[in-house]
Amino acid sequence: MTAIGKVGSFLVFAFLAFTCFAFFFAYDATAQSLSFDSFLNKPRLHLTAGFDKPAAQKNSPVRLIIYGHLQEGWHLYSVQSHPHLNIIPTSVIFQNSWYQTQGKLIESETELLFDEALGEAVQTHRKQFQLQQNLWIGKDTPLGHLDLTGYVQYQVCNQNVCLDPQHTECPGHMKVVN
């Protein structure tokens, strides 16, 4: 066999090996389909934030509501911690000083899922979910339109692999009135 023939055979073998490897690890057991896209790309998480009322007064409570939509075939972990597992619970990190958080982060109903990657059942969110946080608007908060800056920290997995912890910015806007 010539050198060109050997290189060509190697390239065909390498392509077939990569394709088999990719489909093996991209198999999505929840959707019962092969997803090459899930192997090559990180899952998409879309977040939007809003408040339970259009304006808040100084020295009063307001509720932040974060709406999330996660790409099919993936899940993220609940806000509940699992100290014996090496997973990152979903959390919201705030970066402003004009309000204070009150109470724990509230989440929409979770789904108990046997996570093949962990070998254990854990509380998760799939597809659509909500996170809510009660905030207190302080008496020294300036009047007008204010930006709430922060991000959601989370870890996403499918039935084969968990990705490193990630964070997605989730800006919000609040009008503060007298």
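Residues numbered from 1 in each chain as written. Predicted model: local features only at pLDDT ≥ 70, side-chain atom pairs only at ≥ 80, totals over all residues. Heavy atoms only, no water.

Some words on the overall build of the chain
Now for step 1: Scanning the chain for helices and strands turns up 2 helices and 16 strands.
Now for step 2: Expressed as a percentage of the 178 residues in the chain, the buried residues total 35%.
Now for step 3: Accessible area of the chain: about 10600 Å², with a carbon and sulfur share of 57%. (Helix = DSSP H or I, 4+ residues; strand = E, 2+ residues; numbered from the N terminus. Buried < 20%, exposed > 50% of the residue type's maximum accessible area, 1.4 Å probe, protein only. Areas by Shrake-Rupley, 256 points an atom, 1.4 Å probe, with all protein chains shown as cover.)

Quick notes on the pairing of strand S13 (residues 150-154)
Now for step 1: In terms of residue burial, S13 counts as a mostly covered element, since 4 of its 5 residues are buried.
Now for step 2: Direction of pairing for strand S7 (residues 91-94) relative to S13: antiparallel, over a ladder of 4 bridges. Residue pairing across strands places Ile93 opposite Tyr151, the latter belonging to S13.
Now for step 3: As paired elements, S13 and strand S15 (residues 166-169) share 4 bridges and run antiparallel to each other. Counted as the bridge partner of Tyr151 is Glu169 from S15. (Pairing = 2+ DSSP bridges.)

What to know about the sheet that holds strand S6 (residues 75-77)
Now for step 1: Spatially, 4 strands are ordered S9-S10-S6-S14 in an open sheet, and the strand pairing comes out antiparallel. Edge strands, defined here as strands with exactly one partner in the open sheet, are strand S9 (111-115) and strand S14 (156-157).
Now for step 2: Of the pairings in the sheet, the one linking S6 to S14 comprises 2 bridges and is antiparallel in character. Across the sheet, Leu76 pairs through a bridge with Val156, a residue of S14.

Some points on the sheet that holds S15
Now for step 1: Within the open sheet, the 3 strands sit side by side as S7-S13-S15. Their pairing is antiparallel. Each of the sheet's edge strands pairs with one partner strand only, and the pair in question is S7 and S15. The mean inter-strand angle of the sheet, taken between neighbouring strand axes irrespective of direction, is 30 degrees. (Axes fitted to C-alpha atoms, helices over the stretch in contact; angles between N-to-C directions.)

What to know about unusual backbone geometry
Backbone geometry follows two general trends: most residues other than glycine have a negative phi, and most peptide bonds adopt the trans configuration.
Now for step 1: Of note, Asn59 is a non-glycine position whose phi angle comes to about 60 degrees, a positive value.
Now for step 2: Within the secondary structure, Asn59 is located in the loop between strand S4 (55-57) and strand S5 (60-70).
Now for step 3: A positive phi angle, close to 60 degrees, is found at Lys127, a residue other than glycine.

Some words on the confidence of the model for the chain
Now for step 1: A residue-level look at the chain finds 76% of positions with pLDDT of 70 or above and a mean pLDDT of 79.
Now for step 2: Across residues 14-40, confidence stays below pLDDT 50; counting only partners more than four residues off in sequence or on other chains, it has 30 contacts. (pLDDT = per-residue confidence, 0-100. Contact = heavy atoms within 4.5 Å.)

Side note on the nonpolar core
Now for step 1: By size, the foremost hydrophobic cluster in this structure holds 26 residues, and its most contacted members are Ile66 and Val152.
Now for step 2: In this structure, Ile66 is in contact with Leu47, Thr48, Ala49, Val92, Phe129, Gln130, Leu131, Val152 and Cys170, ignoring residues within four places of it in sequence.
Now for step 3: Counting residues in hydrophobic clusters, the runner-up holds 5 residues, among them Tyr77, Leu85, Ile87 and Val122. (Core = buried A, V, L, I, M, F, W, Y, C linked by side-chain atoms within 4.5 Å.)

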